[in-house]
Amino acid sequence: MTFTIDGNTTPHHGVHSAPPRHTVHRPRQARRLLAGALLLASLTGGALAHDGHAMVAGANPLADAVREANGRFADVSVAMAEGYAPIPCVSGIEGGAMGIHYVNGALIDDEIIDIAKPEAVMYEPGPDGAMELVAVEYITTKGPANLGGHLFAFNGAPNRYGLPAFYELHVWAWRANPTGTFADMNPAVSCDAAPIPAQ
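Computed from a prediction, not measured in an experiment: that's the story for all the values here.

The rules behind each value
Residues numbered from 1 in each chain as written. Predicted model: local features only at pLDDT ≥ 70, side-chain atom pairs only at ≥ 80, totals over all residues. Heavy atoms only, no water. Salt bridge = Lys/Arg side-chain N within 4 Å of Asp/Glu carboxyl O. Helix = DSSP H or I, 4+ residues; strand = E, 2+ residues; numbered from the N terminus. Core = buried A, V, L, I, M, F, W, Y, C linked by side-chain atoms within 4.5 Å. Buried < 20%, exposed > 50% of the residue type's maximum accessible area, 1.4 Å probe, protein only. Contact = heavy atoms within 4.5 Å. Disulfide = S-S within 2.5 Å.

A closer look at the pattern of salt bridges
Two side chains with opposite charge may pair up if their charged atoms get near one another.
And step 1. Under the definition given, this model contains four salt bridges.
And step 2. In this structure, arginine 72 and glutamate 82 form a salt bridge, with 2.8 Å as the shortest nitrogen-oxygen distance. Placement of arginine 72 in the loop between helix 2 (61-70) and helix 3 (76-81) and of glutamate 82 in the loop between helix 3 and strand 1 (85-86) is noted, with a sequence separation of ten residues between them.
And step 3. In this structure, a network of salt bridges that share partners links the residues Glu124, Glu132 and Arg175.

Concerning the nonpolar core
And step 1. Membership of the largest hydrophobic core comes to 24 residues, with the highest contact counts inside it found for Val66, Tyr123 and Val171.
And step 2. Counting only elements with at least two residues in this core, the list comes to helix 2, helix 3, strand 3 (97-103), strand 4 (120-125), strand 5 (131-140) and strand 9 (166-171).
And step 3. The element contributing the most residues to this core is strand 5, with four residues.
And step 4. Beyond its immediate chain neighbours, meaning those up to four positions away, valine 66 contacts Ile115, Val136, Tyr138, Val171, Ala173 and Trp174.
And step 5. Counting residues in each nonpolar core, the second largest holds ten residues, with Val90, Ala97, Met122 and Val189 among its members.

Some remarks on the state of the cysteines
And step 1. A full pass over the atoms with the stated rule returns one disulfide.
And step 2. Each sulfur in the disulfide pair cysteine 89 and cysteine 191 lies 2.0 Å from the other. Given an S-S torsion of about -85°, the disulfide between cysteine 89 and cysteine 191 has left-handed geometry. One end of the pair, cysteine 89, is in the loop between strand 1 and strand 2 (90-91); the other, cysteine 191, is in the segment after strand 9, and 102 residues separate them in sequence.

Structure, rendered in structure tokens:
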């Protein structure tokens with residue numbers, strides 16, 4: 001099932017143009033629309049919108065599976081308890097960001113791709129110091145690799161992460177990405193509020 005959310009309206013030209021029919025609702029139609037919206041919210045676990053950023057369940061099967069398998073990481077302390085440690089916030093040269101990666105080195109070393117054990121968990125830092133879960137990243141040095149039919153991207157060495165050449169797949173399961181669910185950078189993510197590490 002695919003849901004599309006489109007906030008754009010189509011302009012209607014002409015002096016005598018009537019308003020679009022979908023903007024005029026009788027009370028019974030309004031009740032039906034409300035019931036449909038509530039049903040959609042229940043089917044999507046309520047993930048319809050959060051400041052225009054939230055993913056919509058059903059939009060991508062792999063993102064849905066990742067979200068279900070890794071929801072525990074919404075609390076960053078859970079990631080830390082499972083052996084993940086932060087690296088500095090990653091921003092893109094042309095804008096957007098990946099956020100702060102919490103990386104589990106043992107999971108990178110084991111070369112096993114497990115949907116419920118991503119090698120990195122990604123958070124957007126907030127101005128109040130909170131970390132908002134936005135994505136996960138699967139990493140392996142063995143390739144070509146894929147997860148759920150999606151090929152990993154190749155990163156050569158040397159690279160800014162200090163890793164040997166590796167394959168990676170980002171899954172933006174909690175933050176909609178205008179450039180794609182599996183793109184590296186997300187224009188809707190920022191490192192602006194990243195804390196300055198102690199020297």
